[in-house]
Structure formats: structure tokens, C-alpha cells
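Inside the fold
Chain by chain, the residues:
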Amino acid sequence: MALKHYNPTSPSRRGLILVDRSSLHKGGPVKALTEGKRKTGGRNNKGHVTSRGIAGGHKQRYRIVDFKRRLWDVEGTVERLEYDPNRTAFLALINYGAVPFGEVGENGEKSDVAYIIAPQRLAVGDKVIAGKKTDVKPGNAMEIGQMPVGTIVHNVEMKPGKGGQIARSAGTYVQVVGRDRGMVIVRLNSGEQRYIRGDCMATVGAVSNPDNQNTNLAKAGRNRWKGIRPLTRGVAKNPVDHPHGGGEGRTSGGRHPVTPWGKPTKGARTRHNKSTDRMIIRSRHAKKKG
């Protein structure tokens with residue numbers, strides 16, 4: 001996918017850079033693979049705001065994506081690539097049936113379709129398959145312990161059968177760098193190296209839409225369409241509302257950055273899950289030598 005640069009024909013077009021989605025499917029999603037999505041406005045079941053800066057946005061339907069890829073040894077065909085409003089990556093509609101998509105067979109059978117996260121270099125008409133061990137080809141899924149060292153993968157499971165949790169966002173990937181006693185060593189984009197069980201599933205290739213990080217929305221309204229509200233700086237508030245607030249004239253805060261409730265932000269470590277520390281070989285916080 002390429003980027004679209006717009007001419008400054010209006011203030012909202014000045015500096016606007018979007019992903020060119022002209023090659024994606026123009027119609028709506030498969031209705032049977034969608035479900036309703038209710039917005040929370042950042043509020044919990046008591047009506048209290050627990051996530052600030054969330055409200056409004058365009059109405060969306062959730063696409064049911066197959067993160068598990070447990071339909072083994074059944075070859076599927078890529079019918080089309082689609083946009084998904086719920087994630088930065090694109091989706092690929094896979095037809096696992098013998099009946100062409102949208103048609104009905106002689107005995108009334110219909111095509112068996114599912115959504116998967118589309119990897120880079122996956123095109124309409126390509127064949128994909130999942131199994132214990134398959135060809136190392138974009139879109140194919142297999143147990144990560146069966147993959148050659150150096151393979152680029154995404155949608156990696158952390159527990160067998162739970163579904164992919166690592167590397168699902170646009171342009172992300174994980175690299176298999178070694179094996180050790182039934183475990184696989186992977187390197188994440190953050191620089192972290194960790195163990196993954198060898199019987200966890202992963203999909204070959206990097207996630208589609210790598211240019212997503214190079215876009216420029218050019219106006220605040222486009223963030224509002226995404227359901228993101230403005231955020232007031234702490235230094236612009238009063239001391240009763242924020243630790244950075246108050247002071248005569250403009251100030252820079254006078255302390256290390258914190259949340260409105262005094263918790264450190266911008267790099268402070270918040271991880272307390274010691275039970276999985278043994279799975280991490282090299283932390284993403286480790287300083288690089290040289």
C-alpha cells in the first residue's frame with residue numbers, strides 16, 4: 001500500500017497524508033462475520049470514567065477475526081482484502097469451502113469463510129493453509145516450534161489454543177531467533193527477547209499496512225471521528241486538579257511527569273507480573289551496549 005499526499009486545496013487538506021486503500025474491497029463486510037459494537041465512552045459499569053479521552057466517533061461493527069487458526073490442513077483461498085475500522089491492519093477474507101464465495105452449491109451448501117489478519121505480500125487468489133507444519137509462505141499458520149530460525153511471523157499465541165496475542169497491529173512482526181528445550185526464542189519489535197512454547201501457533205509474514213505510522217491526520221476532527229477526545233495539559237490546570245497545575249505565569253510543571261493522580265508516566269515501570277518473568281530473556285528496557 002502507498003501513501004496519498006493531498007494538495008492544500010483547503011485548511012483541512014493541508015499536510016494530509018493517508019493510506020491509499022483503493023485496492024481494498026469497496027463494499028461492506030460479510031454480515032455473518034460481524035456483530036454489534038457498543039461504545040462505552042470510557043465508562044465502567046458504574047458510569048464512572050475510567051479511561052479519559054474517549055467519546056463519540058463513527059459507528060462501527062466488529063469483525064469476527066480468526067486469531068486461533070486451528071482449522072488444520074484445509075486449504076483456503078483469499079477472496080478479498082478489506083478495511084477494518086477496529087484495527088490498523090487490513091483483513092483477508094478466506095474461503096475454505098469448495099463452493100465459490102457468494103454462490104450456492106448443487107446441494108444447497110455455501111462457502112465457508114473466515115477473516116484473518118492480512119500479512120504483507122498476500123494477494124487476492126493466493127492459497128493459505130494452517131497445520132502443525134506447513135510451507136513458510138505469507139498467510140500460512142503453523143506451530144512456531146516447526147518454523148526455521150530467522151522466520152518473520154505475526155499473530156503469535158502466548159498460550160496454546162488461546163489465539164494470537166503478539167504482533168497484530170499494522171506493520172508489526174516477530175522474528176524466531178532460536179530454540180531451547182521445547183521452547184522457541186523470539187525477538188519482538190520492542191527489542192525484548194522471550195520464550196514461547198513450541199506448540200503455540202503463529203502466522204508467517206509481517207502484518208499488512210506498514211505505512212500506517214507515516215500518516216498525518218492534519219486536523220483535530222479526524223481524531224474525533226476515531227473516538228478520541230482532546231486532552232488538557234496538566235500545567236494548564238489548577239493545583240486542585242493536577243499535580244502540575246498552578247504557579248504564577250506559565251510553568252513547565254516543576255517535577256517529573258505524572259498523571260492527575262500522581263503516578264509517574266513517560267517510562268516508569270509498571271510491570272508486576274513476576275510469574276512470567278522467567279519467560280523473558282532480555283527486557284525491552286535493557287540498555288544497548290556501545
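Residues numbered from 1 in each chain as written. Predicted model: local features only at pLDDT ≥ 70, side-chain atom pairs only at ≥ 80, totals over all residues. Heavy atoms only, no water.

Take the packing of aromatic side chains next. Scanning the entire structure with this criterion turns up zero aromatic pairs. The ring of Tyr-83 has Arg-21 sitting right over it, with the charged end atom 4.2 Å from the ring centre. The ring of Phe-67 is capped by Arg-168, whose NZ or CZ atom sits 3.9 Å from the centre of that ring. (Phe/Tyr/Trp six-rings, centres within 6.5 Å; stacked < 30°, edge-to-face > 60°. Lys NZ or Arg CZ within 6 Å of the ring centre and 35° of its normal.)

Among the five residues in strand β15 (residues 193–197), four count as buried, and that is most of the element. Bridge count between strand β14 (residues 183–187) and β15: five bridges; the pairing is antiparallel. Within the sheet, the bridge partner assigned to Arg-187 lies in β15 and is Gln-193. Hairpin geometry of β14 and β15 is characterised by an intervening segment of five residues between the two adjacent antiparallel strands and by a positive phi of about 100° at Gly-191. Bridge count for β15 against strand β17 (residues 280–282) is two bridges, and the pairing is antiparallel. Residue pairing across strands places Gln-193 opposite Arg-282, the latter belonging to β17. (Buried < 20%, exposed > 50% of the residue type's maximum accessible area, 1.4 Å probe, protein only. Helix = DSSP H or I, 4+ residues; strand = E, 2+ residues; numbered from the N terminus. Pairing = 2+ DSSP bridges.)

A word on the nonpolar core. In this structure, Ile-144, Val-156, Val-174 and Val-186 are the most contacted members of the largest nonpolar core, which totals 16 residues. When contributions to this core are tallied by element, the ones reaching two or more residues are β13 (174–180), β14 and β16 (201–204). Setting aside its immediate chain neighbours within four residues, Ile-144 contacts Val-156, Val-176, Val-184, Val-186, Ile-196, Arg-197, Gly-198, Cys-200 and Ala-202. Core analysis: the next-biggest nonpolar cluster, separate from the first, contains 13 residues, Ala-92, Ala-114, Ile-116 and Ala-118 among them. (Core = buried A, V, L, I, M, F, W, Y, C linked by side-chain atoms within 4.5 Å. Contact = heavy atoms within 4.5 Å.)

Another point: the sheet that holds β16. As summarised here, the arrangement of the seven strands in space is β9-β16-β10-β13-β14-β15-β17, forming an open sheet in which the pairing is antiparallel. Of all the strands in the sheet, the pair left with one neighbour each is β9 (141–143) and β17. On average, adjacent strands in this sheet sit at an angle of 45° to one another, irrespective of strand direction. Direction of pairing for strand β10 (residues 152–154) relative to β13: antiparallel, over a ladder of two bridges. Paired with Ile-152 across the bridge in β13 is Gln-175. (Axes fitted to C-alpha atoms, helices over the stretch in contact; angles between N-to-C directions.)

Mapped onto the elements of the fold, Glu-143 is located in strand β9. Take Glu-143: its relative accessible area is 9%, and that puts it in the buried class. Only 3.1 Å separates the side chain of Glu-143 from the side chain of Lys-132, close enough to count as a polar contact. Glu-143 has contacts with Trp-72, Gly-131, Lys-132, Gly-198, Asp-199, Cys-200 and Met-201, leaving out every residue within four places of it along the chain. (Polar contact = N/O pair within 3.5 Å; in protein donor to acceptor, adjacent residues only side chain to side chain.)

Here we take up the sheet that holds strand β5 (residues 76–82). If you walk across this open sheet you meet the four strands as β7-β6-β5-β8, and the pairing is antiparallel. Edge positions in the open sheet fall to β7 (113–117) and β8 (127–128), since each of these has one partner strand only. Note that β5 and strand β6 (residues 91–95) share five bridges and pair antiparallel. Following the sheet pairing, Arg-80 is matched in β6 by Leu-93.

Quick look at the pairing of β7 now. Counting buried positions along β7 gives five out of five residues, so the element sits mostly inside the fold. A two-sided burial pattern is seen for β7, the buried positions comprising Val-113, Tyr-115 and Ile-117 on one face and Ala-114 and Ile-116 on the other. As judged from the five bridges shared by β6 and β7, these two strands associate in the antiparallel manner. Paired with Ala-92 across the strands is Ile-116, a residue of β7.

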